[in-house]
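Summary of the model geometry
So the chains spell out like this:
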Amino acid sequence: MRLVTVLAFCVALVACGSAPDGIPNPTPPPTSPSAQDVYVLNFFGDEQGSPAQKPADLVISEFSTMNKLLWDKWGPDTAVGRGKLTGSWCLPDCLEQPYDARITLSTPVGKAGRTYFSSYAIEPDDTQSAQEQGADLVGTLQTP
């Protein structure tokens, strides 16, 4: 009977996550996302949007798109790239002559089991002209 009691006690300890000596098993610390774990929700060529990393083309908002993006940095806290900025605010001129611009994505948030950038800031080489035409240079990105 004593052996059964000892065995039951050991099984209970293991089931509760404690080592036989009564020391709790350590819980691993929460992990922060790495650069490979951060996405941006991209609507370029996909009206439902899909998770993307370092996209060459990115729909920023309903008014602006960046094309021919080359990324200098990607995650985990920010992404920085350069490309060509166009938008409904500069039609028809910027279709043929888009603005050269730098984009920074930031503010990662957890959504739908992934981490997504949720903010953007765009710095066109000709900021004054872009602002005069109504460019949305700072804003919130859509997330799932």
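That block above? That's the structure.
Residues numbered from 1 in each chain as written. Predicted model: local features only at pLDDT ≥ 70, side-chain atom pairs only at ≥ 80, totals over all residues. Heavy atoms only, no water.

**Here we look at the overall build of the protein**
For the protein, the count of helices and strands is three helices and eight strands. Its helices and strands taken in sequence order, the protein reads α-β-β-β-β-β-α-β-β-α-β from the N to the C terminus. Taking all 144 residues of the protein together, 35% fall into the buried category. Once local pairs closer than 6 in sequence are excluded, the contacts in the protein between residues at least 24 apart make up 38%. Carbon and sulfur atoms make up 56% of the accessible area of the protein, which amounts to about 9,000 Å² in all. (Helix = DSSP H or I, 4+ residues; strand = E, 2+ residues; numbered from the N terminus. Buried < 20%, exposed > 50% of the residue type's maximum accessible area, 1.4 Å probe, protein only. Contact = heavy atoms within 4.5 Å. Areas by Shrake-Rupley, 256 points an atom, 1.4 Å probe, with all protein chains shown as cover.)

**Re the pairing of strand β1 (residues 38–42)**
Taken across its five residues, β1 has five buried, putting it largely inside the fold. Burial along β1 is two-sided: the residues Val 38, Val 40 and Asn 42 and Tyr 39 and Leu 41 are all buried. Here β1 pairs with strand β7 (residues 114–124) via two bridges, running parallel. Within the sheet, the bridge partner assigned to Tyr 39 lies in β7 and is Tyr 116. Note: β1 against strand β2 (residues 50–52), three bridges, orientation antiparallel. Residue pairing for β2: Leu 41 is matched across the bridge by Pro 51. (Pairing = 2+ DSSP bridges.)

**Here's the deal with the environment of Ala 135**
Tracing the chain through its elements places Ala 135 in the loop between α3 (127–132) and β8 (138–140). Since its relative accessible area comes to 15%, Ala 135 is described here as buried. Here the alpha-carbon distance between Ala 135 and Thr 86, two residues 49 residues apart in the chain, equals 8.9 Å. In this structure, Ala 135 is in contact with Trp 89 and Ala 130, ignoring residues within four places of it in sequence.

**Quick word on the packing of aromatic side chains**
On inspection of all chains with the given rule, the structure shows four aromatic pairs. Note on Trp 71 and Trp 74: the rings are 5.0 Å apart at their centroids and 85 degrees apart in plane angle, and the pair reads as edge-to-face. Consider the rings of Trp 89 and Tyr 99, whose centres lie 5.6 Å apart with planes at 35 degrees: the pair is tilted. Pair noted here: Trp 89 is in the loop between β5 (79–87) and α2 (93–96) and Tyr 99 is in strand β6 (residues 99–111), with a separation of 10 residues, a long-range link. Pair check on accessibility: Trp 89 and Tyr 99 agree, each one buried. (Phe/Tyr/Trp six-rings, centres within 6.5 Å; stacked < 30°, edge-to-face > 60°.)

**Some remarks on the environment of Pro 51**
Of note, Pro 51 is situated in strand β2. Sequence-distant contacts of Pro 51, that is, excluding residues within four places in its chain, are made with Tyr 39, Val 40, Leu 41, Arg 114 and Tyr 116.

**Re the side chain of Asn 42**
Along the polypeptide, Asn 42 turns up in strand β1. Contacts of Asn 42, omitting those with residues within four sequence positions, involve Gly 49, Ser 50, Ala 52, Pro 55, Asp 57, Leu 58 and Val 59.

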